[in-house]
Amino acid sequence: MEERGSPDGDPARNLEQGPEGRETPIQVVLRVRPMSAVELRRGEQSVLRCSGARTLQVSPPGGGPDLAFRFGAVLDGARTQEDVFRASGVRQLGELALRGLSCTVFTFGQTGSGKTYTLTGPPPQGEGVPVPPSLAGIMQRTFTWLVDRVQHLGVPVTLQASYLEIYNEQVLDLLSLGSPRPLPVRWNKTRGFYVEQLRVVEFGSLEALMELLQIGLSRRRSSAHTLNQASSRSHALLTLYISRQTKPRPHQARNPQSQQMPPVDPGEHPVGGKLCFVDLAGSEKVAATGSRGELMLEANSINRSLLALGHCISLLLDPRRKQSHIPFRDSKLTKLLADSLGGRGVTLMVACVSPSAQCLPETLSTLRYASRAQRVTTRPQAPKSPAAEQPQRLETEILQLRAENRLLRSQLGQMDPKVSGVSGTRVAWAQRNLYGMLQEFMLENERLRKEKSQLQSSRDLARDEQRVLAQQVQELERRLLSACSLHQPRLGPVPPCPCVMVPAPSCHALPPLCSCPSCRLCPLCRAPLAHWACPWRELHLPRVFGPKAPDGMPLSARPPPCAPPCSPGSAKCPRERSHSGWTETRVLAEILTEEEVVPSAPPLPLGPPNTSPVLRGGAAVPKLARRLEALRDQIGSSLRRGRSQPPSSGSKASPGRGLPPC
Ligand SMILES: Nc1ncnc2c1ncn2[C@@H]1O[C@H](COP(=O)(O)OP(=O)(O)OP(=O)(O)O)[C@@H](O)[C@H]1O
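The structure displayed is predicted, hence computed values, not measured ones.

Conventions adopted
- Residues numbered from 1 in each chain as written.
- Predicted model: local features only at pLDDT ≥ 70, side-chain atom pairs only at ≥ 80, totals over all residues.
- Helix = DSSP H or I, 4+ residues; strand = E, 2+ residues; numbered from the N terminus.
- Contact = placed C-beta atoms within 7 Å.
- Buried ≥ 20, exposed ≤ 12 C-beta atoms within 10 Å, placed from the backbone.
- Core = buried A, V, L, I, M, F, W, Y, C linked by C-beta atoms within 7 Å.
- Near = placed C-beta within 6 Å.
- Nonpolar A, V, L, I, M, F, W, Y, C, P; charged D, E, K, R; others polar.
- UniProt positions renumbered as here; feature names shortened; annotations may be inferred.
- Pairing = 2+ DSSP bridges.
- Axes fitted to C-alpha atoms, helices over the stretch in contact; angles between N-to-C directions.
- Parallel < 35°, antiparallel > 145°, perpendicular 65-115°, else oblique.
- Left-handed = near helix turned anticlockwise from the far one by under 90°.
- Arc of directions from axis to C-beta.
- pLDDT = per-residue confidence, 0-100.

Novice: Just to check I follow, could you spell out the overall build of the protein for this structure?
Specialist: Check the secondary structure of the protein and you find 20 helices and 19 strands. A separation threshold of at least 6 residues defines the contact pool for the protein, and within that pool the share at least 24 residues apart is 70%.

As structure tokens, this is what we get:
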């Protein structure tokens, strides 16, 4: 038979030994509830048997090997509430809390397994019907013991309580004065995780504490489902704060009655021991409980937080992981149990199970969970009061500072040239060098910045200049073409252009000069000027400029306009000129200088009497060509200047500077 569990045994005795400063495992007690009336009615089988005070035997139905689990104590269904209280060692836990330790008792198990019953007894059977004292749970029994113990201590002790629930991942104050609202969980170095603005109530009697418990229980969320008629839908944490008082508080001295339940400043947190009772909501399979809607949401939230708790417990088992990160922040529950599980607290877990065969899968899961939990250790330590902590903290700080001082001195010594053996000249050189390099880089950077901005302004100037020159070129080309057209042989009647902007029509090998209907027809071939790239343009040119093409190739050697296109780039194929190619002033200049232009066109009918000599043709044409050439040169040089040269101080001349006169 396989046996799992703790070799340590009796939780009460373990706790009595005084765990302070030692690695202390979480104490686990297992409680098996009796078969419920419903389970008995259904004739369900019991699969659990206690074999000895600390071993539980599981006999799976339908055969298979038995399993045995070993815990600090195993309590079967016949054990009373008082038995559970005694066997679990909660009293020892209370003693430790009185000594200033932070102690936690939590119940864990499937829904309907008896967690709430174990901690607080059964729910009242009706309004005003008190629960018999024999059925009171661990909490009421501990309260009675504690208040009695404190009264016999002989030193003043302040007792306070807070009670909260974690419902759907929200922390709600079960003792709030108004309706509870979600409270934030915060963390700081001294307190660890804590709930901000949680009401902490001071009490001076058992009745007052019982009243607080009843208030909380009545406010806590519960619902009915298939497996439990009063199923808790939240995790509930009731914490008792126990602090030994050094001097009476002023309000207590003035008004002894306020000792009953005086409100405590919510920001103030009691220093001293703590005893926390955690009633976890039960894990549940929604298929088994038949939870729908809100119940299902609650069940999901419960299961998620229990999963996070299980995950933390698993990680805490690994001693290497324990030193590193445990994801306590994954849920509110793990945050608030962080200290109990992995910190300085002392923890007791009461695992609750049902004996029914129907619940076996969940029971096995609880047993495994509990087995793991009892291998988790904490290192219990009482938090020191600030006053007691002060000298010790100062002493530690002084030691730390001394050590740091020594370390820094030794590091400084290593840097000292005399000690480290590095020659002083080299150190000085290195320092100077670094500093010098830094300075140089900064100067270089500054210089480059200036140069960049100069280049940018130079580029802008060049662009402006280029634009103006391009306009001038365009204007000159226009005039030139007008002048040329005066000398072209007559091909037929050229309709006068009604447009006043342009005195003569141009060849449609060039862009139309205006948008008037006449200008949109080529005056030479009468083709509409739908596009500037007229396929006949090369035939027009000799008519304008003579029998030779601009590039010097005899026109007779050129392919006819209707010839099939030759492959681009081939040697035989004359390069197709782009629009800009045709408007290049160099080409025009070549044409104009090589060919004798004979003015044969009729005079412009619409030209004004004082028309410029250019428009009258003849000698003006070479002059225009020269001017175009000069403009082109100027554009080229302005572009080159813009690309490569930083502007000189005198480069702010107007873009038209240096143009030959028209
Ligand atoms: N040891 C016991 N003896 C008699 N009745 C018990 C015992 N344990 C539990 N019960 C009964 O079983 C039912 C379920 O118990 P309880 O509400 O405590 O379960 P639970 O684990 O807290 O469930 P949940 O997680 O849903 O809140 C209750 O009616 C309770 O009175």
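Novice: What is the right way to look at helix α12 (residues 332–342) in this model?
Specialist: One turn of an α-helix holds 3.6 residues; hence residues three or four places apart share an orientation. When you tally the buried positions in α12, you get 10 out of 11 residues, the bulk of the element. Considered for burial, the residues of α12 that qualify are Lys332, Leu333, Thr334, Lys335, Leu336, Leu337, Asp339, Ser340, Leu341 and Gly342.

Novice: I'm lost on the nonpolar core in this one. Help?
Specialist: In globular proteins that are soluble, nonpolar side chains generally tend to be buried together. Formed by 88 residues in total, the largest nonpolar core has its most connected members in Val28, Leu30, Leu93, Val105, Met349, Ala351 and Ala370. With 8 residues, the top contributor of residues to this core is helix α10 (residues 293–317). In contact with Leu30, not counting residues within four places along its chain, are Leu56, Phe71, Val74, Leu75, Ala351, Val353 and Ala370. Val473, Ala625, Leu628 and Leu631 belong to the second largest nonpolar core, which has 5 residues in total.

Novice: Would you explain the site of the ligand in this entry?
Specialist: In the vicinity of the ligand there are 19 residues, among which Gly114, Thr116, Tyr117, Ser231 and Gly282 approach most closely. Breaking the shell around the ligand down by element, the ones donating at least two residues are α5 (115–120) and β15 (228–232). Among the elements that make up the shell around the ligand, the one with the highest residue count is β15 (4 residues). For the shell around the ligand, a count of residues per class yields 6 nonpolar, 11 polar and 2 charged.

Novice: Would you take a moment to explain unusual backbone geometry for this structure?
Specialist: Of all residues except glycine, most have a negative phi; of all peptide bonds, most are trans. At Asn168, a residue that is not glycine, the phi angle is positive and equals roughly 45°. As for its position among the elements, Asn168 is in the loop between β9 (157–167) and β10 (170–173). The phi dihedral of Glu169 is positive, around 65°, even though this residue is not glycine. With respect to the helices and strands, Glu169 occurs in the loop between β9 and β10. Look at Glu169 and you get partly exposed, because 13 C-beta atoms sit within 10 Å.

Novice: What exactly am I supposed to notice about the UniProt feature "binding site: ATP" (unreviewed entry) in the protein here?
Specialist: With numbering aligned to this structure, UniProt lists the feature "binding site: ATP" (unreviewed entry) at Gly109, Gln110, Thr111, Gly112, Ser113, Gly114, Lys115 and Thr116. Along the polypeptide, Gly109 turns up in strand β8 (residues 102–109). Beyond its immediate chain neighbours, meaning those up to four positions away, Gly109 contacts Lys115, Gly282, Ala351, Cys352, Val353 and Thr366. Along the chain, Ser113 falls in the loop between β8 and α5.

Novice: Would you explain the pairing of strand β18 (residues 346–353) in this entry?
Specialist: One face of the sheet, then the other: side chains in a regular strand alternate in exactly this way. Along β18, 8 of the 8 residues are buried, which leaves the element largely enclosed by surrounding structure. Where strand β3 (residues 27–32) meets β18, 6 bridges bridge the pair, whose relative direction is parallel. If you follow Val32 over to β18, its bridge partner there is Val353. Judged from the 7 bridges that link them, β8 and β18 form a sheet pairing that is parallel. By the bridge assignment for β18, Phe106 is matched with Met349.

Novice: Which parts of the structure should I look at to understand the packing of helix α6 (residues 138–151) against helix α7 (residues 206–219)?
Specialist: Between two packed helices, the angle of one axis relative to the other and the distance separating the axes together describe the packing. Here α6 crosses α7 at 155°, and the two axes come no closer than 10 Å. Here α6 is positioned roughly antiparallel relative to α7, judged by the angle of their axes. Note that α6 runs across α7; the crossing there is right-handed. Residue-level inspection shows Met139, Gln140, Phe143, Thr144 and Val147 of α6 in contact with α7, the latter providing Leu206, Leu209, Met210 and Leu213.

Novice: Please clarify how the pairing of strand β12 (residues 192–195) should be interpreted in this entry.
Specialist: Relative to β12, strand β11 (residues 185–188) runs antiparallel, the two sharing 4 bridges. Bridge assignment links Asn188 to a residue of β12, and that residue is Gly192. The turn linking β11 back onto β12 is made up of 3 residues.

Novice: Just checking my understanding: could you explain helix α3 (residues 81–88) for this structure?
Specialist: Taken as a whole, α3 has its buried residues at Gln81, Val84, Phe85 and Ser88. Viewed end-on, α3 has its buried residues packed into an arc of 100°, placing them on one side of the element.

Novice: Please explain the environment of Leu174 as it appears in this structure.
Specialist: Within the secondary structure, Leu174 is located in the loop between β10 and β11. Accessibility expressed as a C-beta count within 10 Å gives 23 for Leu174, which makes it buried. Between the C-alpha atom of Leu174 and that of Leu198, which follows or precedes it by 24 residues, the distance is 9.3 Å. Residues within four places of Leu174 in sequence aside, it is in contact with Tyr163, Leu164, Glu165, Pro180, Ile215, Gly216, Arg219 and Arg220.

Novice: Help me understand the packing of α10 against α12, please; the structure alone is not making it clear to me.
Specialist: Contact geometry for α10 and α12: axes closest at 10 Å, N-to-C directions at 30°. The angle between α10 and α12 places the two elements in the roughly parallel class. Every pair of crossing elements has a handedness; the one defined by α10 and α12 is right-handed. The segment α10 lies against α12, with Ser305, Ala308, Leu309, Cys312, Ile313 and Leu316 engaging Leu333, Thr334, Leu337, Leu341 and Gly342. Considered class by class, the residues forming the contact of α10 with α12 number 8 nonpolar, 3 polar and no charged.

Novice: How should the confidence of the model for the protein be read in this particular structure?
Specialist: Detailed conclusions should not be drawn from predicted coordinates in areas where pLDDT is low. Averaged over every residue, the pLDDT of the protein is 72; the share at 70 or more is 60%. Confidence scores differ between elements of the protein, with helix α18 (residues 579–583) showing the lowest mean pLDDT of 37 and β3 the highest of 96. Contacts from residues 247–270, a stretch scored under 50 in pLDDT, to residues over four places away or in other chains number 30 contacts. Low confidence marks residues 494–514, where pLDDT is under 50. Its contacts with residues over four positions away, or in another chain, come to 61 contacts. Reported confidences for the modelled complex are a pTM of 0.57 and an ipTM of 0.98.

Novice: Can you walk me through the environment of Ser232 in this structure?
Specialist: Its location among the elements puts Ser232 in strand β15. For Ser232, a count of 23 C-beta atoms within 10 Å translates into the label buried. In this structure the C-alpha to C-alpha distance between Ser232 and Lys115, which are 117 residues apart in sequence, comes to 9.6 Å. Apart from residues no more than four positions distant in its own chain, Ser232 is found in contact with Thr116, Arg220, Ser222, Asp279 and Ala281.

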